[in-house]
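# Structural overview
Residues per chain, in single letters:
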Amino acid sequence: MTARVRSVRQEQTQRALELRSRHETWTAIATEFAERYGVNVRVAFRLAHGWSQGNAADEWNKRWPAEPKTFKSFSYWELWPASTGHAPSLDVLARLAELYECRVADLLVDCPDFRHNDAAHQARAELTALPDIMSDSERNEPGNETATHEANPASAAMAPVEKALRETSSEALLRLAAHLDNLGIDRMSQTAGLWTASLDPGHRRGLLLRLSAALSLAAADAAFPNETVTRRGLPHRHADAPSLTGLWLSRYSYYSTTRNKEFQGEHYVVLRPDGEDLSGSSLAHSTGSRLALNLSVNAAIATGTWTEHTSLSGHYAGAVYHGTLQLVVSPNGRSMRGKWIGFGKDFDVNTGDWQLTWKAEASDRAVRDHANKL
């Protein structure tokens, strides 16, 4: 018959004995006591040993008789960080850890933790949280699929990935997608940076470029499901597709932290051939802001860089900002939509929507007509 528990002290003693019989550590027991009885960890360690403050003082004095303590000392240490308590010194914490058979850090786990302000810590936490959806591909043999793909090396290389995706539950993939969807672009870039830091430097750049291209092409396939598809799986722009040169209306959105508000930048930009790429410069703007673009177009994807010289008389007082952008080109070649990425004044990564809308051929008259609107 189980002994009747007559007090909280007896309950704590019985629970501690039960957990110790299971070879649980004092730290594990103290963690449970702190949660169950609503006490801080320094109190929880003492209770886990079944000691009153007086008992704890006696145990201290047996070990260090030259520096005796009373129950009041333990009371002050346990009340801290409240104003009525006294902060234990590092020497005291080291001796308490020896007394309770734990780490010094275990006695401070309920103290303030500011690691969330560290961008590297955030990225590492996000990387740890990502589901490992490809783990099965490393443990399972391709089996008969090897023979199936022998004639096609590219298909054979993708076989383990395809197999892992088939064997991964749709719920796991949805959780991964939801997790990534909740990350801001800056957090996602930090997490990616942490992941790439562990890669072989000799292959890192090539892998990232292939991964970036694959994601861009996947986005293009989703955007243009009815387009003619090339052997590489790219949406193909026909030879008679409209030229992307001309006068475009550029609009991008950005958030101003100093004004706590969303704004939109607007320019008329002339895109002209620059070898196999496109270069663009904005028309003279009444505010004095100048925008320059350089785009490389691959099928339905335009990727490039941007630079803006802000107005000397404007809010940003002539500051120069630059970054990258990636746009999906519409089938008729008359609009491009996508995202920009750039660094702010504190070197934090910012992003926003960017849209280009074709207006006219880049004739002198068209440029003059639109320049008069600025």
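All figures in this text were calculated on a predicted structure; none of them were measured in a lab.

### Description of the overall build of the protein
- Across its full length, the protein carries 14 helices and eight strands.
- Every one of the 374 residues in the protein was classed for burial, and the buried ones make up 30%.
- Expressed as a percentage of contacts within the protein between residues at least 6 apart in sequence, the contacts between residues at least 24 apart total 43%.

### Quick word on the packing of helix H4 (residues 53-63) against helix H6 (residues 90-100)
- It is at 11 Å that the axes of H4 and H6 come closest, and there the two elements cross at 100°. Here H6 runs roughly perpendicular to H4, going by the angle between their axes. Residues Ala56, Glu59, Trp60 and Arg63 of H4 pack against Val92, Arg95, Leu96, Glu98, Leu99 and Tyr100 of H6.
- Grouping the amino acids of the contact of H4 with H6 by side-chain chemistry returns six nonpolar, no polar and four charged.

### Quick notes on unusual backbone geometry
- A cis amide bond links Trp80 with the next residue in sequence, Pro81, at an omega value of 15°.
- Looking at the element boundaries, Pro81 is found in the loop between helix H5 (71-79) and H6.
- Within the chain, Asn260 stands out as a residue other than glycine whose phi angle is a positive 55°.
- Within the secondary structure layout, Asn260 lies in the loop between strand E1 (246-256) and strand E2 (261-274).

### Looking at the packing of aromatic side chains
- Per the stated rule, a full pass over the model turns up 14 aromatic pairs.
- Ring pairs connect the aromatic residues Tyr252, Tyr254, Phe263, Trp306, Tyr316, Tyr321, Trp340 and Trp354, which therefore count as one cluster.

### Brief notes about the pattern of salt bridges
- Applying the stated criterion across every chain yields a total of 13 salt bridges.
- In this structure, the salt-bridge partner of Asp113 is Arg115, at a minimum N-O distance of 2.8 Å.
- Judged by relative accessible area, Asp113 falls into the partly exposed class, the value being 41%.

### Let's talk about the sheet that holds E2
- Pairing in this closed barrel of eight strands is antiparallel, and the strands run E1-E2-E3-E4-E5-E6-E7-E8 around the ring. On average, each strand axis in the sheet is tilted by 30° relative to the strand beside it, whichever way the strands run.
- Inspection of the sheet shows strand E4 (residues 290-298) paired to strand E5 (residues 301-309) by nine bridges, in the antiparallel sense. In the sheet register, Leu293 faces E5, and the bridge partner there is Trp306.

### Regarding the environment of Val297
- By the element assignment, Val297 lies in strand E4.
- Look at Val297 and you get partly exposed, because its relative accessible area is 29%.
- Residues Val297 and Val329 lie 32 residues apart in sequence; the distance between their C-alpha atoms is 8.8 Å.

### Section: the nonpolar core
- Formed by 28 residues in total, the largest nonpolar core has its most connected members in Phe74, Leu96, Tyr100 and Leu107.
- Those elements that provide at least two residues to this core are helix H1 (8-21), helix H2 (26-37), helix H3 (41-48), H4, H5 and H6.
- Ignoring sequence-local partners within four residues, the contact set of Phe74 consists of Gln53, Ala56, Ala57, Trp60, Lys69, Leu96, Leu99 and Tyr100.
- Listed in part, the 20 residues of the second largest apolar core include Trp248, Val269, Leu291 and Trp358.

### A word on the environment of Leu244
- In this structure, Leu244 sits in the loop between helix H13 (201-223) and E1.
- Separated by 91 residues in sequence, Leu244 and Ser335 have C-alpha atoms that sit 9.2 Å apart.

Rules used in this analysis
- Residues numbered from 1 in each chain as written.
- Predicted model: local features only at pLDDT ≥ 70, side-chain atom pairs only at ≥ 80, totals over all residues.
- Heavy atoms only, no water.
- Helix = DSSP H or I, 4+ residues; strand = E, 2+ residues; numbered from the N terminus.
- Buried < 20%, exposed > 50% of the residue type's maximum accessible area, 1.4 Å probe, protein only.
- Contact = heavy atoms within 4.5 Å.
- Axes fitted to C-alpha atoms, helices over the stretch in contact; angles between N-to-C directions.
- Parallel < 35°, antiparallel > 145°, perpendicular 65-115°, else oblique.
- Nonpolar A, V, L, I, M, F, W, Y, C, P; charged D, E, K, R; others polar.
- Phe/Tyr/Trp six-rings, centres within 6.5 Å; stacked < 30°, edge-to-face > 60°.
- Salt bridge = Lys/Arg side-chain N within 4 Å of Asp/Glu carboxyl O.
- Pairing = 2+ DSSP bridges.
- Core = buried A, V, L, I, M, F, W, Y, C linked by side-chain atoms within 4.5 Å.

No statement about biological role is implied by the geometric values presented.
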